[in-house]
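Results of the structural survey
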Amino acid sequence: IELLVVISIIGLLSTIATVSLGSARTKARDAKRVADKTQIVKALQLYYEMNNGWPSAAGNWRCLGAPSTENCFGAFTGLDALKTAMAPYMANIPTTGADSGNLAFNRYLYIDITTIGTQTGAFLIWPKETAIAQADCPSAYAVQHPDKYWYCWEYLGP
């Protein structure tokens, strides 16, 4: 009986540890996404300052850092010219780590000069697995999508 009690206690503790570890992993992935997003925004702002404008996405949403042959966010692709333009400011643009098959599809999404709501300019879309706080997403466009991720449409400027 004592052996069964010890085994039960060990099983209960390992279950609790496994559940806690899963939550910690999600938070760690989200913290990395926020940090990567901050670095991408700084690289885009540096490009803007050096070139007096945002890098061209050829008038469409583009998978940032992806070649033209790669898809993300469903129907959108990368753009070789955008990847080349960003190389001096951020040679290796990080991926989001999002599960393949979801809307995020492992890339940050970028568009130059368009209008969303009342804002016109460049935007960056990025995902999180937990709710996006207003401090993380200063834009008013954070929404939860049915694919398990929350998305922020971050306004970069005019």
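Look above for the structure.
On a predicted model such as this, the values are computed, not experimentally measured, just so you know.

**Here's the deal with the pattern of salt bridges**
- Using the criterion set out here, one finds six salt bridges in the structure.
- The salt bridge partner of Glu129 is Arg29, with a shortest N-O separation of 2.7 Å. Residue Glu129 is found in the loop between β5 (119-128) and β6 (143-144), and its partner Arg29 is found in helix α1 (residues 2-51); the two are separated by 100 residues along the sequence.
- In this structure Arg29 comes out as partly exposed when scored by relative accessible area, which is 35%.
- The partner of Asp36 in a salt bridge is Lys32, with the nearest N and O atoms 2.7 Å apart. Here Asp36 pairs with Lys32, and both are found in helix α1, just four residues apart, close to one helical turn.
- For Asp36, a relative accessible area of 13% corresponds to the buried category.

**Details of the packing of aromatic side chains**
- Tallying each qualifying case throughout the model produces five aromatic pairs.
- With a centroid separation of 5.3 Å and 50 degrees between ring planes, the pair formed by Phe123 and Tyr155 is classed as tilted. Placement of Phe123 in strand β5 and of Tyr155 in strand β7 (residues 150-157) is noted, with a sequence separation of 32 residues between them.
- Judged by relative accessible area, which is 26%, Tyr155 ranks as partly exposed.
- Ring geometry for Tyr149 against Tyr151: centres 6.4 Å apart, planes inclined by 55 degrees, an arrangement best described as tilted.
- Under the relative-accessibility criterion, Tyr151 is labelled buried at 3%.

**Quick look at the environment of Lys148**
- The residue Lys148 is located in the loop between β6 and β7 in this model.
- The exposure class assigned to Lys148 is partly exposed, which follows from its relative accessible area of 37%.
- Residues Lys148 and Thr130, spaced 18 residues apart in sequence, show a C-alpha to C-alpha distance of 8.6 Å.
- Those residues in contact with Lys148 that lie beyond four places of it in its chain are Asp99, Lys128 and Glu129.

**A few points about α1**
- In this model, α1 (50 residues) spans 73 Å end to end at C-alpha, consistent with the 74 Å of a helix rising 1.5 Å per residue.
- Where α1 is concerned, the buried positions are Thr26, Asp30, Arg33, Val34, Asp36, Lys37, Ile40, Val41, Ala43, Leu44 and Tyr47.
- Of the residues trailing α1, Asn52 is marked for its positive phi of about 55 degrees.

The rules behind the values
- Residues numbered from 1 in each chain as written.
- Predicted model: local features only at pLDDT ≥ 70, side-chain atom pairs only at ≥ 80, totals over all residues.
- Heavy atoms only, no water.
- Salt bridge = Lys/Arg side-chain N within 4 Å of Asp/Glu carboxyl O.
- Helix = DSSP H or I, 4+ residues; strand = E, 2+ residues; numbered from the N terminus.
- Buried < 20%, exposed > 50% of the residue type's maximum accessible area, 1.4 Å probe, protein only.
- Phe/Tyr/Trp six-rings, centres within 6.5 Å; stacked < 30°, edge-to-face > 60°.
- Contact = heavy atoms within 4.5 Å.
- Expected span 1.5 Å × (residues − 1).

These figures come from the coordinates and say nothing about function on their own.
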